[in-house]
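An overview of the molecular structure
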Amino acid sequence: MLPLFDMLSQAQDGRGMELLARQFNLSQQQAQLAVEALLPAFSQGLKRTTSDPYGLGGFLNALANGQYGRYFDNAGQAFSQQGVQQGNDVLGQLFGSKDLSRAVAAQAAQATGIGQQVLQQMLPVIASMVMGGLFKQSTGQAQSAPAGGFGGANNPLGQIIEEMMKQGGSMTGQAAPQQRQAPQGQNPF
């Protein structure tokens, strides 16, 4: 799998970044800076979410339903009300609260000089596009890293998949339970 930035650069046949810039009235360079500033938080959120068996199950369930693929193929749909709503759902899963999402946007605003409000509006759109790209890569519908690799340290989902493969682990097609923590002493699976 590709690192997240490279993957987003391929959205809508390489025009995803251009569409982000146009939608948020930014230059191409500003859009790239914004994405570069926001993606580390996505990586951390993916790592946090997938380190918990329930979080991993919920994430894989959301990824597997395929609804996000269209946001990668047609990035303009990520700007729709439904795309933003689904992106906000992803942000809730990755960050856990709106306060953390706002803090991510505030930190990115300081790093880039782009307004915090613009970055807050970009977050759910980028989340939808990232999920679409991860879906496309996980189903073999998008380009992946050279030599069949999963992207190593630059792609947290790739690291998780690679580690699961090393351990011989597999996930069943069962839906994730609604609660995040297993009762003490019980295996979540």
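Small disclaimer: the values here were computed from a predicted structure and weren't measured. (Residues numbered from 1 in each chain as written. Predicted model: local features only at pLDDT ≥ 70, side-chain atom pairs only at ≥ 80, totals over all residues. Heavy atoms only, no water.)

**Overview of the nonpolar core**
The test is simple: To form a nonpolar core, buried Ala, Val, Leu, Ile, Met, Phe, Trp, Tyr and Cys residues must be joined to one another through side-chain atoms within 4.5 Å. Exposure categories follow from relative accessible area, calculated using a 1.4 Å probe and restricted to protein chains: below 20% of the type maximum is buried, above 50% is exposed, and the middle band is partly exposed. For the purposes of this entry, the term helix denotes a DSSP run of H or I that reaches at least four residues, the term strand denotes a run of E that reaches at least two, and both are numbered from the N terminus.
Counting residues in each nonpolar core, the largest one holds 45 residues, and the members touching the most others are L20, L38, F42, L119, M122 and I126. Listed by contribution, the elements that provide at least two residues to this core are α1 (4–9), α3 (16–23), α4 (28–50), α5 (53–64), α6 (69–73), α7 (81–95), α8 (98–112) and α9 (116–138). The dominant element in this core, judged by the number of residues it contributes, is α9, at eleven residues.

**Some thoughts on the packing of α4 against α9**
Convention followed: Fitted lines through C-alpha atoms give the axes, limited to the stretch in contact for helices. The angle between two N-to-C directions lies from 0 to 180 degrees. Each angle receives one of four descriptions, namely roughly parallel if under 35 degrees, roughly antiparallel if over 145, roughly perpendicular if within 65 to 115, and oblique otherwise. Whether a crossing is left-handed or right-handed is set by the direction in which the near helix is turned from the far one by less than a right angle, anticlockwise for left-handed and clockwise for right-handed. Should any heavy atoms of two residues lie within 4.5 Å, those residues are counted as being in contact. Residues are sorted three ways: Asp, Glu, Lys and Arg are charged, Ala, Val, Leu, Ile, Met, Phe, Trp, Tyr, Cys and Pro are nonpolar, and all the rest, Gly among them, are polar.
α9 packs onto α4 with a crossing angle of 60° between their chain directions and a minimal axis gap of 11 Å. Judged on the interaxial angle alone, α9 and α4 are oblique. In this structure, α4 crosses over α9, and the sense of that crossing is right-handed. Each of A34, V35, L38, L39, F42 and L46 in α4 lies in contact with α9, whose residues at this interface are L119, M122, L123, I126, A127, V130 and L134. Residue composition of the contact of α4 with α9, by class: 13 nonpolar, no polar and no charged.

**Points about the environment of N74**
Checked against the element boundaries, N74 lands in the loop between α6 and α7. On the basis of relative accessible area, N74 is assigned to the partly exposed category, the value being 31%. Separated by 58 residues in sequence, N74 and G16 place their C-alpha atoms 8.2 Å apart.

**Describing unusual backbone geometry**
Residues other than glycine seldom take positive phi values, yet N25 does so here, at roughly 55°. Along the polypeptide, N25 turns up in the loop between α3 and α4. Classification of N25 by relative accessible area gives exposed; the value is 72%.

**Considerations on the packing of α7 against α9**
Contact geometry of α7 with α9 gives a least axis separation of 7 Å together with a crossing angle of 85°. As the angle between them shows, α7 and α9 are arranged roughly perpendicular. Contacts between α7 and α9 involve G83, V84, Q86, G87, N88, V90, L91 and F95 from the former and L123, P124, V125, A127, S128 and M131 from the latter. Class assignment of the residues belonging to the contact of α7 with α9 gives a composition of nine nonpolar, five polar and no charged.

**Topic: the confidence of the model for the protein chain**
We count it as follows: Per-residue confidence from the predictor is reported as pLDDT, a score between 0 and 100.
Across the protein chain, the average pLDDT comes to 77, with 73% of residues at or above 70. A low-confidence stretch, residues 162–189 stays under pLDDT 50, and its non-local contacts, those more than four residues away or across chains, total 26 contacts.

**Considering the packing of aromatic side chains**
Using the following cut-off: Aromatic contacts are taken between Phe, Tyr and Trp rings whose centres are within 6.5 Å, Trp giving its six-membered ring; a plane angle under 30 degrees counts as stacked, one over 60 as edge-to-face, and the others as tilted.
Summed over all chains, the structure comprises three aromatic pairs. Judged by centre distance (6.0 Å) and plane angle (75°), the ring pair of F24 and F79 falls under edge-to-face. Here the residue F24 occupies a position in the loop between α3 and α4, and F79 occupies one in the loop between α6 and α7, the gap between them amounting to 55 residues.

**Observations concerning the pattern of salt bridges**
This is how it is decided: Salt bridges are counted wherever a side-chain nitrogen of Lys or Arg sits within 4 Å of a carboxyl oxygen of Asp or Glu.
The tally for this structure, following the rule as stated, stands at three salt bridges. A salt bridge links E18 to R22; its shortest N-O distance comes to 2.7 Å. One end of the pair is E18 and the other is R22, both in helix α3 and four residues apart, which spans about a single turn. On the basis of relative accessibility, which here comes to 54%, the residue R22 falls in the exposed class. For K136, the salt bridge identified is with D73, shortest N-O distance 2.7 Å. You can see K136 sitting in helix α9 and its partner D73 sitting in helix α6, a full 63 residues away along the chain. According to the relative accessible area criterion, K136 is buried, its value standing at 9%. On the basis of relative accessibility, which here comes to 43%, the residue D73 falls in the partly exposed class.

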